[in-house]
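Each chain, letter by letter, is given below.
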Amino acid sequence: MAWFKRKEKGITTATEDKKDVPKGLWYKSPTGKIIDTDELAKNLWVSPEDDFHVRIGSKEYFEILFDNNEFKELDAKMTSKDPLNFVDTKKYSDRLKDVMEKTKLKDAVRTGVGKSKGKDLVVCCMDFAFIGGSMGAVVGEKIARGIDYSIKNNIPFVMISKSGGARMMEAAYSLMQLAKTSAKLAQLADAQIPYISLCTDPTTGGTTASYAMLGDINISEPGALIGFAGPRVVRDTTGKDLPEGFQTAEFVLEHGFLDFIAHRKELKNKINLYIDLILNQEIR
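An account of the accompanying structure is given in this report. Given the structure is predicted, the values throughout are model-derived calculations rather than measurements.

## Digging into the packing of helix α4 (residues 137–153) against helix α5 (residues 171–190)
Now for step 1: It is at 9 Å that the axes of α4 and α5 come closest, and there the two elements cross at 5 degrees. As summarised for this structure, α4 and α5 are arranged roughly parallel, according to the angle between their axes. On α5, the residues touching A137, G140, E141, I143, A144, I147, D148, S150 and I151 of α4 are Q177, K180, T181, K184, L185, Q187 and L188.

What follows is the structure in structure tokens.
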């Protein structure tokens, strides 16, 4: 591959005058399809070649769901602490600083309130880029406060899950969030306010064991990985080969743990349709 290397010294350009090739100019899907990232973004980060749904974050989901991308973010400055002084390959406190600087996020979930198809909607959306979308105390608290906002203002609630599970660096504090968020969702149900749960790739661990599967309607994007333990752990534990497509959204739907699979292009319409049906109001 000689054309990648400069074999002979030729014309040189001052560093400040060099033009770098933009990063992420092309995207290669798992099926090997290559697409220009600008085209991919225009297609809501779905590969037109093979319909593969690329992982996206709260920024992109808010753009999809909120009218004109106009919303108010709740608890935007809430950040995690390090109550256990946890250390693995690095201090948890240092890891938090690094990931906040890298992702420009405060934690693994953001909450937005705005109009969707003309009516108010609260959306809590997880970001996998922040420590694998792991669920710590801040994630649980922000979701709980988002639900409180929905109850106080009588606004439907949407949860978009994308997580590897509980955040080990917070140990039991993380596990407490399963019960905390589930209890809050029970209050939301008592108030008869619709809750739509959207599972995206991946939705695993404690997230699946709590709020991700407690929606009035549970939906997913095509091909998303949904499960509690990973396929390798399940295989090693049971000692059996797993069925083809195990833990994909399509497999989970077939076995009764999902209500619908919705293409990303249809998300806004579908979510609002389900809300209208639950509330027995005119279809928008």
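## Things to note about the environment of L277
Now for step 1: Along the chain, L277 falls in helix α8 (residues 267–279).
Now for step 2: Separated by 83 residues in the primary sequence, L277 and P194 place their C-alpha atoms 9.8 Å from one another.

## What about a nonpolar patch on the surface?
Now for step 1: Residues L25, W26 and I34 make up a contiguous nonpolar surface patch of roughly 340 Å² in combined accessible area.
Now for step 2: Among the structural elements, W26 can be located in strand β1 (residues 26–28).

## With respect to the packing of aromatic side chains
Now for step 1: Applying the stated criterion across every chain, the model contains six aromatic pairs.
Now for step 2: Taken together, a centroid distance of 5.0 Å and an interplanar angle of 15 degrees make the contact between F260 and Y274 stacked. Within this pair, whereas F260 is found in strand β9 (residues 260–261), its partner Y274 is found in helix α8, the two being separated by 14 residues in sequence.
Now for step 3: Its relative accessible area of 39% is what places F260 among the partly exposed residues.

## So, the environment of C125
Now for step 1: Tracing the backbone through its elements, the reader meets C125 in strand β5 (residues 119–126).
Now for step 2: When the C-alpha positions of C125 and T204 are compared, they lie 15 Å apart, and in sequence the two are 79 residues distant.
Now for step 3: Non-local contacts of C125, meaning those with residues more than four positions away in its chain, are made with G57, S58, Y61, F62, A108, V109, R110 and I160.

## Re unusual backbone geometry
Now for step 1: Here the amide bond leading from D201 into P202 is cis, since omega sits at -5 degrees, within 30 degrees of zero.
Now for step 2: Positionally, P202 belongs in strand β7 (residues 195–203).
Now for step 3: If you check the backbone angles, Q192 has positive phi at about 60 degrees while not being a glycine.
Now for step 4: Within the secondary structure, Q192 sits in the loop between α5 and β7.

## Quick word on helix α2 (residues 58–65)
Now for step 1: α2 sits mainly inside the fold: six of its eight residues count as buried.
Now for step 2: Those residues of α2 not exposed but buried are S58, E60, Y61, F62, I64 and L65.
Now for step 3: Residues of α2 that are buried make contact with β3 (71–74), β4 (109–116), β5, β6 (157–163), β7 and α8.

Rules used in this analysis
Residues numbered from 1 in each chain as written. Predicted model: local features only at pLDDT ≥ 70, side-chain atom pairs only at ≥ 80, totals over all residues. Heavy atoms only, no water. Axes fitted to C-alpha atoms, helices over the stretch in contact; angles between N-to-C directions. Helix = DSSP H or I, 4+ residues; strand = E, 2+ residues; numbered from the N terminus. Parallel < 35°, antiparallel > 145°, perpendicular 65-115°, else oblique. Contact = heavy atoms within 4.5 Å. Patch = residues over 30% accessible without salt bridge, like charges linked within 9 Å, V, L, I, M, F, W, Y side chains within 5 Å. Areas by Shrake-Rupley, 256 points an atom, 1.4 Å probe, with all protein chains shown as cover. Salt bridge = Lys/Arg side-chain N within 4 Å of Asp/Glu carboxyl O. Phe/Tyr/Trp six-rings, centres within 6.5 Å; stacked < 30°, edge-to-face > 60°. Buried < 20%, exposed > 50% of the residue type's maximum accessible area, 1.4 Å probe, protein only.

By themselves, these figures tell us nothing about what the structure is for.
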